[in-house]
Amino acid sequence: MSFEHGGGIDLERDLNPAQRAAVEAGDGAQLVIAGAGSGKTRTLVYRVAHLVAGGEAPESILLLTFTRKAAQEMLRRATQVLDERCARVAGGTFHSFANRTLRRYAERVGFSAGFTILDRSDAEDLVGILRSEAGFDRRERRFPRKNTILDLFSKRINTGRSLEQLLEEDYPHFADELRPLEELEGQYAARKRRQNVLDYDDLLVFLRQLLRDHEGVRRRLSATYRHVLVDEYQDTNKLQAHIAALLVSGHGNLMVVGDDAQSIYSFRGASFRNMLDFPKIFPGTTVTVLEQSYRSTQPILDLANGILAQAKDKYSKSLFTEVEGNEKPHFVRTPDDFAQARFIVRKVLELREEGVSLSKMAVLSRAAWHSNSLEVELGNANIPFRKFGGLRFVEAAHVKDVSAFLRLAVNPLDDAAWFRVLQLFEGVGPRTARDITAAVATAGGDLAALEAKPFATRRYAQDLKRLRKVLEALADDASKDDALAVDEKVAAVVAYYRPLLRRKYDDATRREGDLEALQVIAERYRSVERFLSDIALDPPEVARRDTPPDSEDEWLTVSTVHSAKGLEWHSVFVLNLTDGHFPSHRAMGDEDAYEEERRLLYVAATRAQQNLFLLHPEELPSRGGWGSPLAEVSPLLTEIEGFDDLVVEETFSPTADEDRWADADEADGPGSDRGLLARIDDYFGH
DNA sequence: GGGAATGCGTTTTTT
DNA sequence: ACGCATTCCC
């Protein structure tokens, strides 16, 4: 198409009337309620292109999205629609925007520009240190654990409720601990400030503070970003909504896009009420509703609408489509987990024979571990796949260890990093790590403290001495000519860390591979600070499962529903639709949580363009280990009115020769050579 | 007796 | 991978 090479945009041709209205709207506040697959991204892309085409400087447009990848993708598309100018539009997540802005204005909120960022587990470690310092770990009465404590602090910040309220509503059994928790919260804040570290919530809190309390800065930023666009607005929290509003306080040019029915992040304080309340903050808001789906067939939408019909609280909207196809979603019963995996393997191979590439198929689940046995079967059948969601590359213990060294080189006051690094040594546990950390802090970050009195005679004295040397080498002034590049620093850390790694893990070889990957990633960076903040805020995507190198471009997606947000595939499989897996048993007895499970299923179903398979294993290994209780069909499905008519029901059992011990070569059984063909293709290529 | 190492059971989602 | 409990070591 010619429009890809610039020369103006054809809104008439490329957009429907509702989309066009949103794209062409004038200045002011705008709310776009966009159903699944209704061209929400397209609308944002064209809006950006339209603004730039109309003469707006690209640098004065700010696009806030849920992941950095989403922003990059949109801006890439905008450059195709218009021209290269769109690549200069500012984009990223709220957190990365906060990071960039605070680096410039850190002093205004009592930090200095070199601050380091604590991810969730670092923050937990720090809370854990404070918790035991205060003696809460050795008390008679039960005291909340570090991750519960952090949940409380985080919810207070992100929802605006008070600690007292939160305890009462969500943790009544800890209601007596209000005082100590408040105290702990104060200490946590003070400690972070002293160490010049920020956690995820702080990035937002201090950005808001900066905007709210510093008029000059607010004006300058508001003048810099003359148009602010926010994607996935249903998954923003109060704090983020406040930040967006403050950012545009000078002009009111704010466009937010979202779908209340797809709000799936309330566990971290998000509220789709932000959508409902938006027009209250900005009277005169233009509201647009996008209801036509360009993604899914009508039978899939019928089911999706059916799921939503049960929802308690929503904007009403009803999706329709002109997409061709009348195949109803399949509701597939299998005897167990294993059969479920076999069904998927068989179906995936079958679809591929029909010409659907692996990259157009996805298997979605409620929780990352639900796909464990499937992954084994995919491996047996030689189906390349990539897994998204669950534990990430940079969250793996060995990667965290290496980045902790780098953090110390940048910021020797980072207690959480010390705590982690010190425990790598033989003879150092939580208690000793805490003492050494405290000694360094008292010395104001002077590494000489490592070789001072009490520790100099312990058996780990040599380790501390070497640690000091390594850290000093890393901290060498970056402006010097012979300073190490970022990847050289990573290499230096890895070389030092390797023996420690080998002592700690029996699968050290695999982990060393990850560290090599980390080194490659580091090559792209010119400063350790940047490298570290990206690791915390925009974790690089590294496939966690082996994909045969010759099929890099073609792999099946295995993902949590959360990580599938915003994406779509020709064929989608949803795993484990049983009472307790999807919905998660954790959501039982909590109406709001249960409603979120419903929206989650809605998101899963609306990822599908042509085929949707809902799987129900009738028997799953039970959680305790003993016995194998029958798994009831997910109430999320049985509650749907007319469910039986909305789906095609089928039962699948692997044939006898397809049993658990069957060799992969015989996996497709007699009478079928489809699987064989697929494997021949795999092996020889086309 | 304090603290480190070891083993066991459980596992929602993520910036 | 983590918390938790038990065992082991200095």
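Residues numbered from 1 in each chain as written. Chains lettered and ligands numbered in written order. Predicted model: local features only at pLDDT ≥ 70, side-chain atom pairs only at ≥ 80, totals over all residues. Heavy atoms only, no water.

**Q** Teacher, can you tell me more about the overall build of chain A here?
**A** Scanning chain A from N- to C-terminus turns up 28 helices and 17 strands. Burial status across chain A gives 55% buried among its 686 residues. When contacts within chain A are restricted to residue pairs at least 6 apart in sequence, long-range pairs at least 24 apart make up 78% of them. Working note: accessible area of chain A is about 30,800 Å², and carbon and sulfur atoms make up 48% of it. (Helix = DSSP H or I, 4+ residues; strand = E, 2+ residues; numbered from the N terminus. Buried < 20%, exposed > 50% of the residue type's maximum accessible area, 1.4 Å probe, protein only. Contact = heavy atoms within 4.5 Å. Areas by Shrake-Rupley, 256 points an atom, 1.4 Å probe, with all protein chains shown as cover.)

**Q** I would appreciate a short explanation of the protein's contact with DNA strand B in the present structure.
**A** In the vicinity of DNA strand B there are 27 residues, among which Arg366, Arg392, Thr432, Ser563 and Arg586 approach most closely. By atom count, sugar and phosphate contribute 63% of the portion of DNA strand B lying within 4 Å of the protein. A distance of 3.1 Å is found between a phosphate oxygen of DNA strand B and a backbone nitrogen or oxygen belonging to Gly427. For DNA strand B, a phosphate oxygen lies 2.3 Å from a polar atom in the side chain of Thr432. By residue number, the principal contributor to the surface near DNA strand B is helix H19 (residues 430–442), which donates 3 residues. Of the residues in the surface near DNA strand B, the class split is 8 nonpolar, 12 polar and 7 charged. (Near = heavy atom within 4 Å. Polar contact = N/O pair within 3.5 Å; in protein donor to acceptor, adjacent residues only side chain to side chain. Nonpolar A, V, L, I, M, F, W, Y, C, P; charged D, E, K, R; others polar.)

**Q** What is the right way to read the nonpolar core from this model?
**A** What tends to happen in soluble globular proteins is that the nonpolar side chains get buried as a cluster. In terms of nonpolar packing, the biggest core is built from 51 residues, with Phe405, Trp418, Leu422, Phe425, Leu467, Tyr497 and Phe531 touching the most fellow members. Those elements that provide at least two residues to this core are helix H17 (397–410), helix H18 (415–422), H19, helix H21 (461–474), helix H22 (486–504), helix H23 (508–522) and helix H24 (528–537). Once you skip the residues sitting within four places of it in the chain, Phe531 turns out to touch Leu406, Val486, Val490, Leu518, Ile521, Ala522 and Tyr525. Within the second largest apolar cluster, 45 residues are counted, among which are Leu198, Val205, Tyr225 and Val256. (Core = buried A, V, L, I, M, F, W, Y, C linked by side-chain atoms within 4.5 Å.)

**Q** It is not clear to me how the sheet that holds strand E16 (residues 608–619) should be interpreted in this structure. Could you clarify?
**A** In a beta sheet, neighbouring strands are held together by backbone hydrogen bonds and run either parallel or antiparallel to one another. Read from one edge of the open sheet, 7 strands run E13-E14-E12-E15-E16-E11-E17, paired in parallel fashion. On the outer flanks of this sheet lie strand E13 (385–388) and strand E17 (648–651), each paired with one strand and no other. Neighbour to neighbour, the strand axes of the sheet diverge by 20 degrees on average, direction disregarded. In the packing of helix H25 (residues 591–605) onto the sheet, contacts are made with strand E12 (361–365), strand E15 (569–574) and E16, and the angle to E16 comes to roughly 130 degrees. (Pairing = 2+ DSSP bridges. Axes fitted to C-alpha atoms, helices over the stretch in contact; angles between N-to-C directions.)

**Q** How should I be thinking about the packing of H18 against H19 in this particular structure?
**A** Geometry of a packed helix pair, given as the angle between the helix axes and the separation of the axes. Their axes nearest at 9 Å, the elements H18 and H19 cross at an angle of 135 degrees. Taken together, H18 and H19 sit at an angle that is classed as oblique. Handedness of the crossing formed by H18 with H19: right-handed. Residues Asp415, Trp418, Phe419 and Leu422 of H18 touch H19, and the partners they reach there are Pro430, Ala433, Arg434, Ile436, Thr437, Val440 and Ala441. Residue composition of the contact of H18 with H19, by class: 8 nonpolar, 1 polar and 2 charged. (Parallel < 35°, antiparallel > 145°, perpendicular 65-115°, else oblique. Left-handed = near helix turned anticlockwise from the far one by under 90°.)

**Q** Sorry if this is basic, but what is going on with the pairing of strand E2 (residues 61–64) here?
**A** Within a regular strand, side chains alternate between the sheet's two faces. Because side chains alternate across E2, one face comprises the buried residues Ile61 and Leu63, and the other comprises Leu62 and Leu64, equally buried. Relative to strand E6 (residues 227–230), E2 runs parallel, the two being bridged by 4 bridges. Each residue of the ladder has a partner; that of Leu62, found in E6, is Val228. Relative to strand E3 (residues 90–92), E2 is paired through 3 bridges, and the arrangement is parallel. Its bridge partner being in E3, Leu62 is matched across the sheet by Ala90.

**Q** Would you explain the protein's contact with DNA strand C in this entry?
**A** Taken together, Arg145, Lys146, Leu391, Ala397 and Arg511 form the complete shell of residues around DNA strand C. The separation between a phosphate oxygen of DNA strand C and a polar side-chain atom of Lys146 is 2.9 Å. Considering only residue class, the surface near DNA strand C consists of 2 nonpolar, no polar and 3 charged.

**Q** It is not clear to me how the sheet that holds strand E1 (residues 30–34) should be interpreted in this structure. Could you clarify?
**A** One open sheet accounts for 6 strands, arranged E3-E2-E6-E7-E1-E8; its pairing is parallel. The open sheet terminates on both sides in strands that have one partner only, identified here as E3 and strand E8 (286–290). Strand-to-strand twist of the sheet, defined as the mean angle between neighbouring strand axes without regard to direction, takes the value 10 degrees.

**Q** I'm lost on the pattern of salt bridges in this one. Help?
**A** Two side chains bearing opposite charge may form a pair once their charged atoms approach each other closely. Taken as a whole and judged by the stated rule, the model has 46 salt bridges. Between Arg161 and Glu169 there is a salt bridge whose closest N-O contact spans 2.3 Å. A relative accessible area of 44% places Glu169 in the partly exposed class. Here Lys565 makes a salt bridge to Glu232, at a shortest N to O gap of 3.8 Å. Linking Lys565 in the loop between strand E14 (556–560) and E15 with Glu232 in the loop between E6 and helix H12 (238–247), this pair joins segments that are 333 residues apart in sequence. The network of salt bridges with common partners includes Lys40, Asp231, Glu232, Asp235 and Lys565. (Salt bridge = Lys/Arg side-chain N within 4 Å of Asp/Glu carboxyl O.)

**Q** Looking at this model, I keep getting lost on a positive patch on the surface. Mind explaining?
**A** Together, Arg100, Arg104, Arg108, Arg220 and Arg530 give the surface a local cluster of positive charge. Summarising the element assignment, Arg104 is placed in helix H5 (residues 94–105). (Patch = residues over 30% accessible without salt bridge, like charges linked within 9 Å, V, L, I, M, F, W, Y side chains within 5 Å. Lys, Arg positive; Asp, Glu negative; His and termini not counted. Charge placed at Lys NZ, Arg CZ, Asp CG, Glu CD.)

**Q** What should I look at first to understand the side chain of Ser60 in this one?
**A** Summarising the element assignment, Ser60 is placed in the loop between helix H3 (40–53) and E2. Judged by its relative accessible area of 8%, Ser60 is buried. In this structure the side chain of Ser60 is engaged in a polar contact, spanning 2.7 Å, whose partner is the backbone oxygen of Ala57. Excluding anything up to four places from it in sequence, Ser60 contacts Thr224, Tyr225, Arg226 and His227.

**Q** Would you explain the packing of aromatic side chains in this entry?
**A** Where two aromatic rings form a pair, the distance of their centres and the angle of their planes describe that pair. In the structure shown here, the tally under the stated rule is 15 aromatic pairs. Taken together, a centroid distance of 4.8 Å and an interplanar angle of 55 degrees make the contact between Phe66 and Tyr265 tilted. Taken as a pair, Phe66 in the loop between E2 and helix H4 (68–81) and Tyr265 in the loop between strand E7 (254–258) and helix H13 (273–281) lie far apart in primary sequence, 199 residues in all. What links up through ring pairs into an aromatic cluster is the set Phe343, Phe573, Phe613 and Phe652. One cation-aromatic arrangement involves Arg103 over Phe115; the distance from NZ or CZ to the ring centre is 3.9 Å. (Phe/Tyr/Trp six-rings, centres within 6.5 Å; stacked < 30°, edge-to-face > 60°. Lys NZ or Arg CZ within 6 Å of the ring centre and 35° of its normal.)

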